[in-house]
Amino acid sequence: MNNHQIQLAKANILVVDDTPDNLRLLSAMLTQLGYEIRRVINGPTALKTAQAAPPDLILLDIMMPEMNGYEVCQHLKASEITRDIPVIFISALDEVFDKVKAFAVGGVDYITKPFSEEEVFARVENNLTIRRLQKQLTEQNLLLQQEISVSEAARRGRQKAESALRLSQFYLDRFREPIFFVNSNAQLIYVNEAACQILGYSREKLLTMTVHDIDPNFPAETWHSQWQELRQKDSSSFESIHQTEDGRNLDVKITFSYLEFKDQEYLCTSAYYPNTY
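Residues numbered from 1 in each chain as written. Predicted model: local features only at pLDDT ≥ 70, side-chain atom pairs only at ≥ 80, totals over all residues. Heavy atoms only, no water.

K.L.:
Would you explain the packing of aromatic side chains in this entry?
P.N.:
Two measures describe an aromatic ring pair: the distance that separates the ring centres and the angle between the ring planes. Under the counting rule described, the total for this entry stands at eight aromatic pairs. Taking 5.7 Å as the distance between ring centres and 45 degrees as the angle between the ring planes, the aromatic pair formed by W223 and W227 counts as tilted. On the criterion of helical spacing, the pair formed by W223 and W227 is a turn pair, its members being four residues apart in helix 11 (residues 223-233). Relative accessible area serves as the criterion here: at 7%, W223 is assigned to the buried category. Directly above the aromatic system of Y110 lies the positively charged group of R123, at a separation of 5.5 Å from the ring centroid. The aromatic ring of Y110 is capped on one face by K253, whose charged end is 4.1 Å from the ring centroid. (Phe/Tyr/Trp six-rings, centres within 6.5 Å; stacked < 30°, edge-to-face > 60°. Helix = DSSP H or I, 4+ residues; strand = E, 2+ residues; numbered from the N terminus. Buried < 20%, exposed > 50% of the residue type's maximum accessible area, 1.4 Å probe, protein only. Lys NZ or Arg CZ within 6 Å of the ring centre and 35° of its normal.)

Put into structure tokens, the structure is as follows:
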């Protein structure tokens, strides 16, 4: 637990579930990591709470009376105040869970009940990291766009943006989950230390490789169409396989967000390897 506490910045999470026991369990899990937790038991209250004080992340149960999770998520994504908040759906293993519909209405990930601590921690951490990174890149992009070519203000703005980028890399290099940045040509342009350790490659080697080299489900001949499909989703999750340097195949859950920075397109992805924890 201490590793989580050291690496995570404080964040505010809204948990929405009509079952009090689930609320208590999730709150206990996440509070020990230093998160601020707010709990509500139905959809209408969740919408009012999120509008009044937007959280950093929402854990949202699917099966609730009066307004189900899909409907709540649609309302959240329709509001300018709450549309950018990541939503992770909660579903019991014995419930009918429509993953396509969940992602179509704006969800970025899902967790199944009964809860696994490692899975909850990994999904929450991954999506909060992606959200922080999106905010940082947006702020940096605005700074760079506002620069004036020869002014002192431009120089200071550039220095601030460069410092923020260095800080982002410092944070990601120490993050416990593997992080990959991929450009539109399928090239790996950034990997953190966790990615190197779990795949067995050096950072220098991975940065000479492409998605095709580590994921057999994304061959070069179909990459262009797959890229277009992913970028249109903006953010989502899917399951795949990653190949290690020593030839092993690892099941992986990929969570990604599409980003544009300085006229370039990227996918920021985090990886969860369920069989390695």
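K.L.:
Any chance you could explain the sheet that holds strand 6 (residues 179-183) here in plain terms?
P.N.:
Sheets are built from strands paired through backbone hydrogen bonds, the pairs being either parallel or antiparallel. Taken in spatial order, the five strands make up an open sheet running 7-6-10-9-8, and their pairing is antiparallel. Looking at which strands have only one partner, the edges of the open sheet turn out to be strand 7 (188-191) and strand 8 (235-243). Direction aside, neighbouring strands of the sheet carry axes that sit 30 degrees apart on average. The pairing of strand 6 with strand 10 (residues 264-272) spans five bridges and is classified as antiparallel. Counterpart to N183 in the pairing with strand 10 is Y266. (Pairing = 2+ DSSP bridges. Axes fitted to C-alpha atoms, helices over the stretch in contact; angles between N-to-C directions.)

K.L.:
So what exactly am I meant to see when it comes to the environment of N126 here?
P.N.:
On the secondary structure map, N126 appears in helix 6 (residues 117-145). Take N126: its relative accessible area is 1%, and that puts it in the buried class. As a C-alpha pair, N126 and Y272 span 146 residues in sequence and 8.4 Å in three-dimensional space. In this structure, N126 is in contact with F175, E177, S270, A271 and Y272, ignoring residues within four places of it in sequence. (Contact = heavy atoms within 4.5 Å.)

K.L.:
Which parts of the structure should I look at to understand the sheet that holds strand 5 (residues 109-113)?
P.N.:
Taken together, the five strands give an open sheet; going across it, the order is 2-1-3-4-5, and neighbouring strands pair in parallel fashion. Bordering the open sheet on either side are strand 2 (36-40) and strand 5, each of which pairs with just one other strand. Mean inter-strand twist for the sheet, computed between neighbouring axes without regard to direction, equals 20 degrees. Along the sheet, helix 2 (residues 20-31) contacts strand 1 (12-16), strand 2, strand 3 (57-61), strand 4 (87-92) and strand 5; its crossing angle with strand 2, the most-contacted strand, is approximately 170 degrees.

K.L.:
It is not clear to me how the packing of helix 3 (residues 43-52) against helix 4 (residues 69-78) should be interpreted in this structure. Could you clarify?
P.N.:
The axes of two packed helices give the description: the angle between them and the distance between them. It is at 10 Å that the axes of helix 3 and helix 4 come closest, and there the two elements cross at 20 degrees. In terms of orientation, helix 3 lies roughly parallel with respect to helix 4. The chirality of how helix 3 crosses helix 4 is right-handed. Counted together, G43, L47 and A50 of helix 3 and V72, H75 and L76 of helix 4 form the full contact between these two elements. The class makeup of the residues in the contact of helix 3 with helix 4 is four nonpolar, two polar and no charged. (Parallel < 35°, antiparallel > 145°, perpendicular 65-115°, else oblique. Left-handed = near helix turned anticlockwise from the far one by under 90°. Nonpolar A, V, L, I, M, F, W, Y, C, P; charged D, E, K, R; others polar.)

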